[in-house]
Amino acid sequence: MSLLALEALHVSYGGIKAVKGIDVTVDEGELVCLIGANGAGKTTTLKAITGLLHPAAGRVMYAGEEISGRKSFEIARRGLALVPEGRGVFPQLTIEENLRMGAYARDDKPGVAQDMERMFSLFPRLKERRAQTAGTLSGGEQQMLAIGRALMSRPKLLLLDEPSMGLAPLMVEKIFEVIRAVSSEGVTLLLVEQNARLALEASHRGYVLEGGTVTLSGDAKSLLGNPQVRQAYLGE
Amino acid sequence: MALGYTMVYGIIQLINFAHGEVVMIGCMTAFSVIVALAGSGMPPLVIVGLGILAAVPVCMAVGYIVERVAYRPLRHAPRLAPLITAIGVSIILQHLALLVWSRNVIAFPQIIELKLFHLGSSDNSAAISNVQIAIILVSVAMMAGLLALVYKTKIGIAMRATSQNPLVAGLMGININNVISFTFVIGAALGATAGVMVGSYYGIAHYQMGFLLGLKAFSAAVLGGIGNLAGAVLGGILMGLIESLGAGYVGDATNVCFLNQFLPGFNDVCLASPESSLFGSNYKDVYAFIVLILVLVFRPSGLLGERVGDRA
Ligand SMILES: Nc1ncnc2c1ncn2[C@@H]1O[C@H](COP(=O)(O)OP(=O)(O)OP(=O)(O)O)[C@@H](O)[C@H]1O
Ligand SMILES: [Mg+2]
């Protein structure tokens, strides 16, 4: 059974249809990517999964239950975490406070303290700046913080919205390293990316979204070899 | 009281004009309890303590209901809507108080015997009363408690997170409705305590007292920089100083009695009261508003204010 299943999902902004009936599944332990051009509906899909938007039609199933229509804090407490587009760190909270908010729904203090140290060893830069406010961090550091904050909730399913956006190549590499490591620890991931090559290379499976519908899907390797994908998204 | 404002404003960017009324209700509730117990032979401090104990939950309930009924439905409405609602809520609360406590000015019973402590050796030196000392101590304690709450506890950090980005706060598993209710309730509890202090300081209470108090606290919060806790305290202290110095010095400067050499008509007035002046302590309340206007014109973000830009 899939951990996450989008069933004929439609999402609209008022009268504008942004997602037009997509079917996407993510199995437990998988790393699945969702690629597509600007405005394809990737962010909209993630917002519908996390309860920031409610679907116009269709369902979001998570761990065998329908979660569409629930509030985002309830969905988050079921082990579903989103690293939003543009990071969404709390700019006037310190790095430590941001991480603490990631663990808001947990009440095992020793476990939280342990995970905090784990994040600091994963991202040593954050450790040096732990008492600094998040707004003073560079874009890459904020992305690390956003990922660390999401991991602090010990998610079963982690959704990432364009984690490489606007980052220098070295930083992108570091972020993908972390994504692979998180995946190999058994966390299920749905990764939204514009950097199709890196995303497909890291993933097990992928979906291509165009104008609100899924036009291609399958094994990441076969998508990497697909001439359409190569032409449209890999710049060949 | 400025603390209550700043706190609610900081979280939801809403100026709760009804806060003055919450203070008034706190004052009135404590008054009722104190009057009821005044003859009971309990020690006065216990009676005042019970007054505060009664006022706090009453105000918390008022704060909760006001947020729930009046503000929550408007959370996504344009900024002006909740502002107007706030004024409506003030009027409703005033009239509820009018029904319960009548339209008369109520004398707050002086059950604690006033003791003056002189700072100098003579009886004319600057003096501070035991009630004033108690007020200062309680204010400092409230401030310290509030800072600890907002900066050290999980719910406090969640309050700040919610104010910075409510959508992302929801993604963290924070129930932002609960956090906002909690903020209103704490703000109201502070207001209740402030109300008891105001009542014991001035010795009187009236159903319309909230309006002036509200505007003054609002001015203090604006002066310090709204949404900033340290600013609220600084603003409160400065406002107190401005009021008393303003009334004192400007009062002297505009003393009209020197005119009696030229205008004999003033003689009678000045004989009756040699302090007669144009802008003396009767005009004390005016200074708060002069400050408010000056700050809004020259430094809208306040002394310690964050740059709030177009949100303000
Ligand atoms: N708040 C909104 N109101 C109206 N239309 C919106 C809104 N947000 C997005 N849209 C529209 O919905 C469509 C899908 O947007 P979405 O943000 O999901 O794209 P995306 O795939 O995430 O793009 P990008 O790669 O640029 O982040 C776009 O046509 C966009 O203009
Ligand atoms: Mg997007």
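Structural data are supplied above this passage.
Residues numbered from 1 in each chain as written. Chains lettered and ligands numbered in written order. Predicted model: local features only at pLDDT ≥ 70, side-chain atom pairs only at ≥ 80, totals over all residues. Heavy atoms only, no water.

> Could you give an account of the overall build of chain B, naming the residues involved and the relevant values?
A tally of helices and strands in chain B yields 12 helices and 4 strands. The buried share of chain B, taken over its 312 residues, is 46%. Partitioning the contacts of chain B with sequence separation of at least 6, the portion at a separation of at least 24 is 69%. Summing over all exposed atoms, chain B offers an accessible surface of approximately 15,400 Å²; the carbon and sulfur share of this is 70%. (Helix = DSSP H or I, 4+ residues; strand = E, 2+ residues; numbered from the N terminus. Buried < 20%, exposed > 50% of the residue type's maximum accessible area, 1.4 Å probe, protein only. Contact = heavy atoms within 4.5 Å. Areas by Shrake-Rupley, 256 points an atom, 1.4 Å probe, with all protein chains shown as cover.)

> Quick rundown of helix 5 (residues 130–152) of chain B? Include the residues and the values.
Between the first and last C-alpha of helix 5 of chain B there are 32 Å, a value that for 23 residues agrees with the 33 Å anticipated at 1.5 Å per step. Along helix 5 of chain B, the residues classified as buried are Asn130(B), Val131(B), Ile135(B), Met142(B), Met143(B), Leu146(B), Leu149(B) and Val150(B). (Expected span 1.5 Å × (residues − 1).)

> Lay out the environment of Ile293(B) in plain terms, naming residues and giving numbers.
Structurally, Ile293(B) is set in helix 12 (residues 284–298). For the pair Ile293(B) and Ile84(B), spaced 209 residues apart in the sequence, the C-alpha separation amounts to 20 Å.

> So, the interface of chain A and chain B: which residues are in play, and what are the values?
Between chain A and chain B, the residue contacts involve 22 residues of the former and 22 residues of the latter. Carbon and sulfur atoms supply 64% of the area buried between chain A and chain B, which totals about 1,900 Å² over both sides. For chain A, the biggest contributors to the area lost against chain B are Phe90(A), Met101(A) and Tyr104(A); these three give 31% of the whole. The salt bridge partner of Arg160(B) is Glu97(A), with a shortest N-O separation of 2.7 Å. Counting the contacts that link chain A with chain B gives 5 residue pairs in polar contact (both at pLDDT 80 or more). (Buried area = accessible area lost by both parts, 1.4 Å probe. Salt bridge = Lys/Arg side-chain N within 4 Å of Asp/Glu carboxyl O. Polar contact = N/O pair within 3.5 Å; in protein donor to acceptor, adjacent residues only side chain to side chain.)

> Can you explain the sheet that holds strand 1 (residues 2–13) of chain A? Please cite residues and give values.
One key point about sheets: their strands pair by backbone hydrogen bonds, in either a parallel or an antiparallel sense. Residue and element names in this part refer to chain A. In spatial order, the strands read 2-1-4-5; together these 4 strands make up an open sheet with antiparallel pairing. Unpaired on one side and paired on the other, strand 2 (16–27) and strand 5 (65–66) mark the two borders of the sheet. In terms of strand pairing, strand 4 (residues 57–62) meets strand 5 through 2 bridges, oriented antiparallel. Counterpart to Met61 in the pairing with strand 5 is Glu66. The sheet contacts of helix 1 (residues 42–49) involve strand 1, strand 2 and strand 4, and relative to strand 1 the element is tilted by about 115°. (Pairing = 2+ DSSP bridges. Axes fitted to C-alpha atoms, helices over the stretch in contact; angles between N-to-C directions.)

> Give a detailed account of the environment of Ile147(A), specifying residues and quantitative values.
Residue and element names in this part refer to chain A. When you line up the elements, Ile147 lands in helix 6 (residues 139–151). With relative accessibility at 3%, the residue Ile147 sits in the buried group. Along the chain, Ile147 and Arg87 lie 60 residues apart, while their C-alpha atoms are 8.3 Å from each other. Setting aside residues no more than four positions away along its own chain, Ile147 makes contact with Val83, Phe123, Leu160, Ile175 and Val178.

> Tell me about the pattern of salt bridges, and please be specific about residues and values.
A side chain with one charge can pair with a side chain of the opposite charge if their charged atoms come near. All names here are of chain A. Scanning the entire structure with this criterion turns up 18 salt bridges over all chains. A salt bridge links Glu7 to Arg59, with the nearest nitrogen and oxygen atoms 3.1 Å apart. Here Glu7, found in strand 1, pairs with Arg59, found in strand 4; they are 52 residues apart in sequence, far enough to count as distant. In this structure, Asp108 and Arg106 form a salt bridge, with 3.2 Å as the shortest nitrogen-oxygen distance.

> How would you sum up the packing of helix 6 of chain A against helix 7 (residues 169–184) of chain A? Please name residues and give values.
Residues and elements named next belong to chain A. Their axes nearest at 10 Å, the elements helix 6 and helix 7 cross at an angle of 10°. By the angle between their directions, the pair helix 6 and helix 7 is classed as roughly parallel. Note on element contacts: helix 7 touches helix 6 through Met171, Lys174, Ile175, Val178 and Val182, opposite Gly140, Glu141, Gln143, Met144, Ile147 and Leu151. (Parallel < 35°, antiparallel > 145°, perpendicular 65-115°, else oblique.)

> Describe the pairing of strand 6 (residues 80–83) of chain A, listing the residues and the values that go with them.
Residues and elements named next belong to chain A. Neither face of strand 6 is open: one carries Leu80 and Leu82, the other Ala81 and Val83, and all of them are buried. Across 4 bridges, the pairing between strand 6 and strand 7 (residues 157–161) is parallel. Residue pairing across strands places Leu82 opposite Leu159, the latter belonging to strand 7.

> A description of the coordination of the magnesium ion (ligand 2) should follow, citing residues and the corresponding values.
Every protein donor of the magnesium ion (ligand 2) is accounted for by Thr43(A) (OG1), Glu85(A) (OE) and Glu85(A) (OE), and the metal-donor separations fall at 1.8 to 2.8 Å. Taken as a pair, Thr43(A) in helix 1 and Glu85(A) in the loop between strand 6 and helix 3 (95–102) lie far apart in primary sequence, 42 residues in all. (Donors = N, O, S within 2.8 Å, 3.2 Å for Na, K, Ca; no water.)

> How would you sum up the state of the cysteines? Please name residues and give values.
All names here are of chain B. Inspection of the entire model under this criterion finds 0 disulfides over all chains. With no disulfide partner, Cys27 has as its closest neighbouring cysteine sulfur the one in Cys59, 9.7 Å distant. Exposure remark for Cys27: the relative accessible area of 0% places this residue in the buried category. (Disulfide = S-S within 2.5 Å.)

> Please provide a residue-by-residue account of the site of ligand 1, values included.
All names here are of chain A. In the vicinity of ligand 1 lie 13 residues, with Asn38, Lys42, Thr43, Thr44 and Glu85 positioned nearest. Residue Tyr13 places a side-chain N or O atom 3.4 Å away from a nitrogen atom belonging to ligand 1. Gly39 places a polar main-chain atom, nitrogen or oxygen, 2.8 Å from an oxygen atom of ligand 1. Relative to its unbound accessible surface of 630 Å², ligand 1 loses 63% to contact with the protein. Per-class residue counts for the shell around ligand 1 are 4 nonpolar, 6 polar and 3 charged. (Near = heavy atom within 4 Å. Nonpolar A, V, L, I, M, F, W, Y, C, P; charged D, E, K, R; others polar.)

> Account for the pairing of strand 8 (residues 188–193) of chain A, with residues named and values stated.
In summary, the side chains of a regular strand alternate between the two faces of the sheet. Residues and elements named next belong to chain A. Across the 6 residues that make up strand 8, a large majority, 6, are buried. Here strand 8 shows no split at all, with Thr188, Leu190 and Val192 on one side and Leu189, Leu191 and Glu193 on the other all buried. As paired elements, strand 7 and strand 8 share 5 bridges and run parallel to each other. In the sheet register, Leu157 faces strand 8, and the bridge partner there is Thr188.

> So what's going on with the packing of aromatic side chains? Residues and values would help.
Enumeration over the complete set of coordinates arrives at 1 aromatic pair over all chains. Taking the centre distance of 5.6 Å and the plane angle of 40° together, the rings of Tyr71(B) and Phe184(B) count as tilted. Of this pair, Tyr71(B) sits in helix 3 (residues 44–71) while Phe184(B) sits in helix 8 (residues 176–202), placing them 113 residues apart in sequence. Here Phe184(B) falls in the buried class, since its relative accessible area comes to 4%. Here the basic side chain of Lys154(B) rests over the ring of Tyr104(A), its NZ or CZ set 5.4 Å away from the ring centre. (Phe/Tyr/Trp six-rings, centres within 6.5 Å; stacked < 30°, edge-to-face > 60°. Lys NZ or Arg CZ within 6 Å of the ring centre and 35° of its normal.)

> Describe the sheet that holds strand 8 of chain A, listing the residues and the values that go with them.
All names here are of chain A. Sheet architecture is open: 6 strands sit in the order 6-7-8-3-9-10, paired in mixed fashion. Looking at the sheet topology across the chains shown, the edges are occupied by strand 6 and strand 10 (213–219). Looking at each pair of strands side by side, their axes are set apart by 15° on average, direction ignored. Across 6 bridges, the pairing between strand 9 (residues 205–210) and strand 10 is antiparallel. When the bridges of strand 10 are listed, Val208 appears paired with Leu216. Taken strand by strand, helix 6 contacts strand 6 and strand 7, and its axis lies near 175° from that of strand 6.

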